[in-house]
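Spelled out from the first residue to the last, the chains are:
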Amino acid sequence: MFNFDKSVLVLDSCALIFLSNVFIRGKSLLDFLIYDLKTDIYIAPAVHEEVRRLLSSQTATYIEQTDEILKREIYLRRTIKIGSPSDYCPSRIKGQAIEITREGKLSESWLDRGERDSAALALYFSKKYNVFFITGDFKAIKLLKEIFHREFIGVIYSPHDLCVYLYSKGMLRHEQAEKLLFDIEEIISDFRTSEILPSRIEEYREKLKQICNISCKKPECLS
C-alpha cells in the first residue's frame, strides 16, 4: 500500500462519499485503493453512522453508492474496518483544536463528530503505523493539519491531494488523474454547494503538470 510498510488509510465521511463515486478502470477509486493497491482502510463509527443518516434523508445516488460499498466491504468482504480509538484520542483532538484557536493561529476550532473521531482514529493508529488521513472537508483541513503536526500523526490529504499523490507514484496516468479531479469536484459541488470551483481544479492540474515536467526530465525519460 503506497509503497510503505505498516500503513493505514483513514477516511472521514466526505472522503468516503467522494472516493466511492469517482471511477477509474471501471471501478470506484475506493475499490481501486482496496483491490489494486491493497490498502488497509479504516473508518470511525461516527462516519458509518453519518452515511446511514444521509441515506435516510437524501435520495442522491452518490449516497446510495457509498452505502452499497460499505455493506459489501465491511460486512461481506471485511476490507474496510470500523475502528474505535481509546477515549483519550477524541478528547486529545478536541483539546488541541481549542488550544490552537486560543493561540489565535486559526479563527475556528469546530470539527464535526465525524471529523473529530476520524482524526482521533488516525491519532490512535499513528503509534504503530504510517497514517494517511483523507478528508473531503476543505474548511477543516487547515485546523487538522495543525493538529496532525503537533501530534505527529501522519499525512492529511484532500481527495484531490490523493489523486496527485497516486499520479506522482505512477499509479495513475495523467489523464486518469485529471479526470478524477473533475469528477471529485462535481461530487463536491452537488454535495456542498451549487458551484464547481475552477480555481481549485486548476491548482491541482498545475501540480500534475509540475510532476510531469520533473519526471520527463529524468535520464530514463530522455534516453
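Preceding this section is the structure that the text describes.
So, here's what we can say about the structure. (Residues numbered from 1 in each chain as written. Predicted model: local features only at pLDDT ≥ 70, side-chain atom pairs only at ≥ 80, totals over all residues. Heavy atoms only, no water.)

Across the five residues that make up strand 6 (residues 130-134), a large majority, four, are buried. Note that strand 1 (residues 7-11) and strand 6 share five bridges and pair parallel. Note on strand 6: the bridge partner recorded for S7 is N130. The pairing of strand 6 with strand 7 (residues 155-157) spans three bridges and is parallel. Its bridge partner lying in strand 7, I134 is registered against Y157. Remark: the strand 6/helix 7 (residues 138-151)/strand 7 crossover connection has right-handed handedness. (Buried < 20%, exposed > 50% of the residue type's maximum accessible area, 1.4 Å probe, protein only. Helix = DSSP H or I, 4+ residues; strand = E, 2+ residues; numbered from the N terminus. Pairing = 2+ DSSP bridges. Right-handed = clockwise from strand over helix to strand, strands pointing away.)

As a further point, take the nonpolar core. L11, L29, L30 and L166 are the most contacted members of the largest nonpolar core, which has 72 residues in total. Among the elements that make up this core, the one with the highest residue count is helix 9 (residues 174-191) (seven residues). Once you skip the residues sitting within four places of it in the chain, L30 turns out to touch L11, L16, L19, S20, I41, I69 and I80. (Core = buried A, V, L, I, M, F, W, Y, C linked by side-chain atoms within 4.5 Å. Contact = heavy atoms within 4.5 Å.)

It is worth spelling out the sheet that holds strand 1 at this point. The five strands lie next to each other as 5-4-1-6-7, forming an open sheet whose pairing is parallel. Each edge of the sheet is formed by a strand with only one pairing partner; in this case those strands are strand 5 (80-82) and strand 7. The average undirected angle you get between the axes of adjacent strands in this sheet is 30°. Bridge analysis of strand 1 against strand 4 (residues 41-43) gives two bridges, and the strand direction is parallel. In the sheet register, V10 faces strand 4, and the bridge partner there is Y42. In this fold helix 8 (residues 159-168) packs onto strand 6 and strand 7, with an angle of close to 110° to the strand it touches most, strand 7. (Axes fitted to C-alpha atoms, helices over the stretch in contact; angles between N-to-C directions.)

This paragraph deals with the pattern of salt bridges. Using the criterion set out here, one finds 21 salt bridges in the structure. Note that R52 and D67 form a salt bridge whose closest N and O atoms lie 2.3 Å from each other. Taken together, the residues R52 in helix 3 (residues 45-57) and D67 in helix 4 (residues 61-76) connect sequence positions 15 residues apart. Among the residues examined, D67 registers a relative accessible area of 3% and is labelled buried. Between R113 and D117 there is a salt bridge, with its nearest N and O atoms 3.6 Å apart. Here R113 and its partner D117 are both found in helix 6 (residues 113-125), four residues apart, which amounts to about one turn of the helix. Since its relative accessible area comes to 44%, R113 is described here as partly exposed. Each member of the salt-bridge network shares a partner with another, and the members are D31, R72, E73 and R77. (Salt bridge = Lys/Arg side-chain N within 4 Å of Asp/Glu carboxyl O.)

Attention now moves to the packing of aromatic side chains. This model, assessed by the stated rule, comprises seven aromatic pairs. With a centroid separation of 4.4 Å and an interplanar angle of 50°, the aromatic rings of Y42 and F125 are classed as tilted. With Y42 in strand 4 and F125 in helix 6, this residue pair connects regions lying 83 residues apart in the sequence. Judged by its relative accessible area of 16%, Y42 is buried. (Phe/Tyr/Trp six-rings, centres within 6.5 Å; stacked < 30°, edge-to-face > 60°.)

Once that is clear, we can look at the side chain of S20. With respect to the element layout, S20 can be found in helix 1 (residues 13-20). Only 2.7 Å separates the side chain of S20 from the backbone oxygen of L16, close enough to count as a polar contact. (Polar contact = N/O pair within 3.5 Å; in protein donor to acceptor, adjacent residues only side chain to side chain.)

So, on to helix 8. An α-helical segment advances 3.6 residues per turn. Residues three or four places apart therefore align on the same side. Among the ten residues in helix 8, nine count as buried, and that is most of the element. Residues P159, H160, D161, L162, C163, V164, Y165, L166 and Y167 constitute the buried set of helix 8. A positive phi of about 75° marks G170, the residue just after helix 8.

Right, let's get into a nonpolar patch on the surface. A contiguous nonpolar patch, built from Y75, L76 and I82 and spanning about 330 Å² of accessible area, is present on the exposed surface. Inspection of the secondary structure puts I82 in strand 5. A relative accessible area of 38% means that I82 is categorised as partly exposed. (Patch = residues over 30% accessible without salt bridge, like charges linked within 9 Å, V, L, I, M, F, W, Y side chains within 5 Å. Areas by Shrake-Rupley, 256 points an atom, 1.4 Å probe, with all protein chains shown as cover.)

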